[in-house]
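# Report on the structure
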Amino acid sequence: MKKIFAIIKMSWQRSFVYRSTVYGYRLSNIFEILMQFAIWTAVFKNTQVVNGYNYNEMITYLISWLFLFITLNYGIEFTVARDIQQGTLSNYLLKPVDYINI
Amino acid sequence: MKLLEFKKFIKIWFIGLKISFMNRMAYKYNFFIMAVGVLAHMILTIIFVKVLFNFINNLVGWTYEQALLVVATYMMIEGLMWATCACLGGLTRNVNMGTLDIIITKPIDSQFLVSVWRGDPEDWMRVITALFIFSQCYKGINIDSYLFLNIIYYLILLFNAYIIVYSINLLVKTLVFWVIDSSALWTITENITRVSQYSTDIFFHKTVRFLFSTIIPLAFIATVPAKFLVKGFNLPLFLSSCFLAIIFFVTSRKFWLFGLKHYSSASS
């Protein structure tokens, strides 16, 4: 567990080297959220239920999805592609930790 | 003299597109996978609209075909942006890699060169998909005696929309001179412009509507051009679109030149 926390700490420190990037991502999330809310609000102006979901349930679903999207979408596919292209993948594979989790 | 200058710019742009295509074709399978990926993204967007209209008859006054016209217009603009200047990928990449010096020391306008430095050929798939949607959604178009004129106006508005999206991209991505790491700038421009893929009438709040009509004129990217096809000509909207395109282009140009002054070269 200590090992994992050390990796998380390093990852956070690395992210905050460019603070504006962190703020930029959160700003872009606002537009993502705004669009989703607006479209579903417009849909529910015309109907009470969408496939068994009412407005409140749909918004709850959206918030849950957005939370997962924002926290879990860290672009692992791009990281793996970059490591393969630059030949740095083997460095990680030699380490006694799971590549995907670091 | 001016004509010769214009021809030179067009020629350089085409050379840039050709080089981008050759670069992509160096990894053919990657190119085809990317093209399929883009197509899948477009299909999913259409499916989403289709699913919505299974439960409603109209979305804030737009029928299914009309809503798809907005989506197709957005796809067209987005596709052209990626295919012709890769949403200014040339700027962010060259600042990140420290290779911008090579571009700005060339005897041609640096903004132009950095814009045409890269184009993503797989994104023509977006334009093709948009044309296919148009062919399927003709029911949503207002067919009157002015149809031909409306199509001309629509094309002018598309050009304005391209300029607006280009300018938004330039305004945001010029920030790379200060922030260096550009990854968030990509997401910001993508998420801002993506809001316009549905009619901006979905925003009921007055302040938000005002924001998306003036300060960030997302309404003029897809909604207003599509409105011309659906409801016909509207002079105030037409003039506003032209005015905003000019204002945004001039502002982004000035900001680019301002950013360039603050650029500290990687080599000195």
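Figured I'd write up the structure that's included with this text. A quick note: this is a predicted structure, and the numbers were derived from the prediction, not measured.

### Details of the overall build of chain A
- Tallying secondary structure elements over chain A gives 5 helices and 0 strands in all.
- Along the chain direction, N to C, the helices and strands of chain A fall in the order α-α-α-α-α.
- Whereas a compact globule of 102 residues would reach a radius of gyration of roughly 13 Å, chain A reaches 19 Å, over 25% beyond that.
- In terms of principal-axis extent, the alpha carbons of chain A reach across some 55 × 30 × 30 Å.
- Every one of the 102 residues in chain A was classed for burial, and the buried ones make up 7%.

### Re the environment of Ile215 of chain B
Residues and elements named next belong to chain B.
- Relative to the helices and strands, Ile215 resides in helix H11 (residues 206-215).
- Assessed through the 8 C-beta atoms surrounding it within 10 Å, Ile215 is described here as exposed.
- It is 9.7 Å that separates the C-alpha atoms of Ile215 and Phe248, two residues lying 33 residues apart in sequence.

### A few points about the interface of chain A and chain B
- Contact residues are listed per partner, giving 18 residues for chain A and 22 residues for chain B.
- Its residues placed into classes, the side of chain A that touches chain B shows 11 nonpolar, 6 polar and 1 charged.

### Things to note about the packing of helix H8 (residues 147-173) of chain B against helix H12 (residues 223-231) of chain B
Residue and element names in this part refer to chain B.
- It is at 9 Å that the axes of H8 and H12 come closest, and there the two elements cross at 180°. In terms of their interaxial angle, H8 and H12 are classed as roughly antiparallel. Contact residues: Asn150, Tyr153, Tyr154, Leu157, Leu158 and Ala161 in H8; Val224, Pro225, Phe228 and Leu229 in H12.
- Taken together, the residues that form the contact of H8 with H12 break down as 9 nonpolar, 1 polar and no charged.

### Details of the nonpolar core
- Judged by nonpolar contacts, the single largest core of 73 residues is most densely connected at Val70, Ala72, Ile77, Ile164 and Ile221 of chain B.
- What Val70 of chain B contacts, discounting residues up to four positions off in sequence, is Trp62, Tyr198, Ser199, Ala222, Thr223 and Ala226 of chain B.

### Some points on the packing of helix H2 (residues 19-43) of chain A against helix H10 (residues 183-194) of chain B
- The contact between H2 of chain A and H10 of chain B brings their axes to 8 Å, and the two run at 15°. By the criterion of interaxial angle, the relationship of H2 of chain A to H10 of chain B is roughly parallel. When the axes of H2 of chain A and H10 of chain B are compared, the crossing they make is left-handed. Residue-level inspection shows Thr21, Gly24, Tyr25, Leu27, Ser28, Phe31, Glu32 and Met35 of chain A of H2 of chain A in contact with H10 of chain B, the latter providing Ser183, Ala184, Leu185, Thr187, Ile188, Asn191, Ile192 and Arg194 of chain B.
- Counted by class, the contact of H2 of chain A with H10 of chain B contains 8 nonpolar, 6 polar and 2 charged residues.

### A few points about unusual backbone geometry
- Its identity as a non-glycine residue notwithstanding, Asn51 of chain A has a phi of 50°, on the positive side.
- Tracing the sequence through the fold places Asn51 of chain A in the loop between H2 and helix H3 (55-72).
- Even without being glycine, Leu88 of chain B reaches a positive phi, approximately 65°.
- Within the element layout of this structure, Leu88 of chain B appears in the loop between helix H3 (64-85) and helix H4 (89-97).
- Leu88 of chain B sits in the buried class, given 26 other C-beta atoms within 10 Å.

Analysis parameters
Residues numbered from 1 in each chain as written. Chains lettered and ligands numbered in written order. Predicted model: local features only at pLDDT ≥ 70, side-chain atom pairs only at ≥ 80, totals over all residues. Helix = DSSP H or I, 4+ residues; strand = E, 2+ residues; numbered from the N terminus. Rg over C-alpha atoms; globule rule 2.2 N^0.38 Å. Buried ≥ 20, exposed ≤ 12 C-beta atoms within 10 Å, placed from the backbone. Contact = placed C-beta atoms within 7 Å. Nonpolar A, V, L, I, M, F, W, Y, C, P; charged D, E, K, R; others polar. Axes fitted to C-alpha atoms, helices over the stretch in contact; angles between N-to-C directions. Parallel < 35°, antiparallel > 145°, perpendicular 65-115°, else oblique. Core = buried A, V, L, I, M, F, W, Y, C linked by C-beta atoms within 7 Å. Left-handed = near helix turned anticlockwise from the far one by under 90°.

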